[in-house]
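# Topology and contacts: notes
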Amino acid sequence: MNSRLESDLTNEIMQTSPHRRFNPLTREWVFVSPHRTERPWQGQTEPREPESTQPYDPNCYLCPGNIRAGGARNPAYSRTFVFDNDFAALQPDVPTAELNVGGRGILVAQTESGICRVVCFSPRHDLTLSRMSPPEIRALIDVWVEEVQSLGRQPGVNYVQIFENRGMMMGCSNPHPHGQIWATSTIPNEPRKEQEAFAEYQKVHGTCLLCDYVTLEEASGDRLVCGNEDFLAVVPFWAVWPYEILLVSKRHTGNMSGLDAEARSALAGILNRVASRYDSLFQVSCPYSMGFHQQPTDEMEHPEWHFHAHFFPPLLRSASVRKFMVGFEMLGSPQRDITPEYAAEKLRHAKDKAPLSNPT
């Protein structure tokens with residue numbers, strides 16, 4: 001049997017039979033059980049989240065001119081607005097202390113300093129990334145770059161994490177379009193795993209892990225959602241969440257600051273397209289957690305790093321049924337029912353939604 005035919009048969013079996021897939025970024029495995037898609041659902045369903053329809057909400061603590069929960073008043077901002085989180089999870093001036101009971105490495109703790117900021121994407125209360133115009137998102141990207149550069153230069157900051165939690169299902173307490181930036185003194189778990197995987201892959205193969213992955217995905221097309229000249233959005237081969245998306249720069253760069261003007265505009269466009277595909281697929285303002293992974297700011301060279309973003313929407317069957325990580329997933333390994341190829345096909349055929357007219 002020739003290798004091409006053998007590969008095709010193997011792929012066909014994988015679409016219908018239980019198997020596991022390897023995630024080279026975290027070096028962990030996910031179980032895939034495509035035969036379970038027909039099982040009936042009698043579990044929890046979520047109420048439909050009300051959508052914000054007014055550009056200004058007098059009761060929103062993130063809208064321009066309103067008083068925040070911590071007592072400060074927002075300026076009458078007309079573009080992106082950034083401020084230090086009033087209830088920050090991290091603090092910049094924390095005394096250095098470590099705990100290692102008995103020196104055995106079991107009961108271990110150490111203080112962590114950092115800075116937490118909130119980024120209001122727009123003064124408009126009724127917008128989301130899917131409803132903002134690409135030029136507006138481009139302006140937001142420029143602000144993200146400025147914040148990463150500014151925070152990364154501060155002493156003791158070794159990693160800067162940009163992220164957005166969208167929707168009540170993801171624990172978002174305010175529908176106003178906003179995200180967060182956490183600057184930490186240590187590299188958090190997920191980027192640390194990727195750091196180790198990037199370095200090991202480069203050591204073994206002499207190339208970049210995600211550069212090679214982009215080549216494979218472009219050649220296949222099976223998991224492609226959308227793309228442009230600078231970015232590729234795919235349901236990754238190793239996806240855990242049903243409609244997870246990996247957004248990857250086609251050009252090798254370690255961080256958002258390395259994107260030129262055209263690439264930043266391309267990133268704005270594809271962020272809008274990914275978010276609008278989610279909304280179209282589920283016919284709601286889709287909840288998700290999204291974040292960018294880029295090289296640490298520890299003053300070391302990191303040529304192995306490749307800039308990318310992760311989208312993790314919790315929805316599974318519909319806007320009211322979500323994926324839960326319980327049982328085997330908590331005690332064994334993550335598991336998914338639909339294949340990444342099926343999810344990519346559904347997202348690929350979802351329509352891009354046009355942003356709101358005159359959004360500013």
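Structure shown above.
As a starting point, this report considers the structure included with it. (Residues numbered from 1 in each chain as written. Predicted model: local features only at pLDDT ≥ 70, side-chain atom pairs only at ≥ 80, totals over all residues. Heavy atoms only, no water.)

With that settled, the discussion passes to the overall build of the protein chain. The secondary structure content of the protein chain amounts to seven helices and 16 strands. Here the protein chain has a C-alpha radius of gyration of 21 Å; the compact-globule value for 360 residues is 21 Å, and the two agree. Over its C-alpha atoms, taken along the principal directions, the protein chain stretches across nearly 70 × 55 × 45 Å. In the protein chain, which comprises 360 residues, the proportion classed as buried is 47%. Put simply, 69% of the contacts in the protein chain that link residues at least 6 apart link residues at least 24 apart. Element-wise, carbon and sulfur atoms account for 52% of the exposed surface of the protein chain, whose accessible area totals about 18,000 Å². Once the 34 positive and 43 negative side-chain charges of the protein chain are each reduced to a mean point, those two points are 5 Å apart. (Helix = DSSP H or I, 4+ residues; strand = E, 2+ residues; numbered from the N terminus. Rg over C-alpha atoms; globule rule 2.2 N^0.38 Å. Buried < 20%, exposed > 50% of the residue type's maximum accessible area, 1.4 Å probe, protein only. Contact = heavy atoms within 4.5 Å. Areas by Shrake-Rupley, 256 points an atom, 1.4 Å probe, with all protein chains shown as cover. Lys, Arg positive; Asp, Glu negative; His and termini not counted. Charge placed at Lys NZ, Arg CZ, Asp CG, Glu CD.)

It is worth spelling out unusual backbone geometry at this point. Comment: phi is negative for the bulk of residues other than glycine, and the bulk of peptide bonds are trans. The backbone of Arg27 sits at a positive phi, close to 55 degrees, despite the residue not being glycine. Along the chain, the position of Arg27 falls in the loop between strand E1 (19-23) and strand E2 (28-32). If you check the backbone angles, Glu299 has positive phi at about 65 degrees while not being a glycine. Relative to the elements of secondary structure, Glu299 occurs in the loop between strand E12 (288-293) and strand E13 (308-312).

With that settled, consider the nonpolar core. Residues Trp144, Leu267 and Phe292 are the most contacted members of the largest nonpolar core, which totals 53 residues. Broken down by element, the residue count for this core peaks at ten residues, all from helix H5 (residues 261-282). Excluding residues that lie within four positions of it along the chain, Trp144 makes contacts with Val119, Phe121, Ile162, Ile181, Met256, Leu271, Met290 and Phe292. Core analysis: the second largest hydrophobic core is formed by 15 residues, Tyr159, Phe198, Leu209 and Trp305 among them. (Core = buried A, V, L, I, M, F, W, Y, C linked by side-chain atoms within 4.5 Å.)

Let us look at the sheet that holds strand E16 (residues 335-336). Backbone hydrogen bonds hold the strands of a sheet together, and the pairing may be parallel or antiparallel. One open sheet accounts for three strands, arranged E1-E2-E16; its pairing is mixed. Of all strands in the sheet, those with a lone pairing partner are E1 and E16, marking the two edges. Relative to E16, E2 runs parallel, the two sharing two bridges. Within the sheet, the bridge partner assigned to Val32 lies in E16 and is Arg336. (Pairing = 2+ DSSP bridges.)

Further remarks concern the side chain of Glu244. Tracing the backbone through its elements, the reader meets Glu244 in the loop between strand E10 (231-234) and strand E11 (245-249). Of the side chains bearing the opposite charge, Arg336 lies closest to the buried Glu244, which forms no salt bridge; the N-O distance is 5.4 Å. A polar contact of 2.9 Å, which involves the side chain of Glu244, links it to the backbone nitrogen of Val240. A polar side-chain atom of Glu244 sits 3.1 Å from the main-chain amide nitrogen of Trp241. When near neighbours in sequence (up to four residues on either side) are disregarded, Glu244 contacts Val234, Val235, Pro236, Ala239, Tyr278, Phe311, Phe312 and Pro313. (Salt bridge = Lys/Arg side-chain N within 4 Å of Asp/Glu carboxyl O. Polar contact = N/O pair within 3.5 Å; in protein donor to acceptor, adjacent residues only side chain to side chain.)

Moving on: helix H3 (residues 189-205). Helix length check: H3 (17 residues) gives 24 Å between terminal C-alpha atoms against 24 Å at 1.5 Å per residue, within 8%. Along H3, the positions that sit buried rather than exposed are Pro191, Lys193, Glu194, Gln195, Ala197 and Phe198. In this structure, the buried side of H3 is in contact with E2, strand E7 (159-166), helix H4 (209-220), E12 and E13. Just downstream of H3 lies Gly206, where phi reads positive at about 75 degrees. (Expected span 1.5 Å × (residues − 1).)

Glancing now at a nonpolar patch on the surface. A cluster of nonpolar residues, Leu99, Val101, Ile106 and Leu107, forms a patch on the protein surface that exposes about 400 Å² of accessible area. One can find Val101 in the loop between strand E4 (98-100) and strand E5 (108-110). (Patch = residues over 30% accessible without salt bridge, like charges linked within 9 Å, V, L, I, M, F, W, Y side chains within 5 Å.)

Note on pairing: side chains with opposite charge can pair once their charged atoms come close. Counted under the stated rule, the structure contains 15 salt bridges. Residue Glu218 is joined to Lys250 by a salt bridge in which the shortest nitrogen-to-oxygen separation is 3.3 Å. With Glu218 in helix H4 and Lys250 in the loop between E11 and H5, this pair connects stretches of sequence that are 32 residues apart. A cluster of three or more residues bridged by salt bridges with shared partners is formed by Arg21, Glu217, Arg223 and Glu341.

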